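Residue strings, one per chain:
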Amino acid sequence: MNDLNAILAPGMFVRHPDHPDWGVGQVQSNAGGKITVNFPDQGKLVIDGARVSLIPVFEP
């Protein structure tokens, strides 16, 4: 997991760098390098933090 993903906590908002069309998702959990994010149109997805660096959004 990269250092930026390590700060992600439940309730924080993020964007997926490869899928900006998914919009802003909310982090549900971050455990063992697996980050569960609920995106408005994609639903709940588990992201491998070792492969994808999610982009924090501070004003959704």
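This report concerns the structure included in the present document. Computed from a prediction, not measured in an experiment: that's the story for all the values here.

Attention now goes to the nonpolar core. Counting ten residues, the largest nonpolar core consists of Leu-8, Val-14, Trp-22, Val-27, Ile-35, Val-37, Phe-39, Ile-47, Val-52 and Leu-54. Per-element tally for this core: the top contributor is strand β3 (residues 34-39), with three residues.

It is worth spelling out the pattern of salt bridges at this point. The tally for this structure, following the rule as stated, stands at one salt bridge. With a shortest N-O distance of 3.7 Å, Lys-34 and Asp-48 are connected by a salt bridge. Placement of the pair is Lys-34 in strand β3 and Asp-48 in strand β4 (residues 43-48), with a sequence separation of 14 residues. Taking relative accessible area as the criterion, Lys-34 reaches 40% and is therefore assigned partly exposed.

Turning next to the pairing of β3. Bridge analysis of strand β2 (residues 25-31) against β3 gives five bridges, and the strand direction is antiparallel. Looking at the pairing, Gln-26 lines up with Asn-38 of β3. Once β2 ends, the chain turns through two residues before running back antiparallel as β3, passing Gly-32 with a positive phi of about 60 degrees. Both β3 and β4 contribute to a ladder of six bridges, which runs antiparallel. Looking at β4, one finds that Phe-39 is bridged to Gly-43. Turn length for the β3-β4 hairpin, with the two strands adjacent in sequence and antiparallel, is three residues.

This part takes up the sheet that holds β3. One key point about sheets: their strands pair by backbone hydrogen bonds, in either a parallel or an antiparallel sense. The strand order β4-β3-β2-β1-β5 describes an open sheet built from five strands, whose pairing is antiparallel. Each having just a single partner strand, β4 and β5 (55-57) make up the two edges of the open sheet. Sheet twist, expressed as the average angle between the axes of neighbouring strands with direction ignored, equals 45 degrees. The pairing of strand β1 (residues 13-15) with β5 spans three bridges and is antiparallel.

Criteria and cut-off values
Residues numbered from 1 in each chain as written. Predicted model: local features only at pLDDT ≥ 70, side-chain atom pairs only at ≥ 80, totals over all residues. Heavy atoms only, no water. Core = buried A, V, L, I, M, F, W, Y, C linked by side-chain atoms within 4.5 Å. Buried < 20%, exposed > 50% of the residue type's maximum accessible area, 1.4 Å probe, protein only. Helix = DSSP H or I, 4+ residues; strand = E, 2+ residues; numbered from the N terminus. Salt bridge = Lys/Arg side-chain N within 4 Å of Asp/Glu carboxyl O. Pairing = 2+ DSSP bridges. Axes fitted to C-alpha atoms, helices over the stretch in contact; angles between N-to-C directions.

That is the geometry; function is a separate question.
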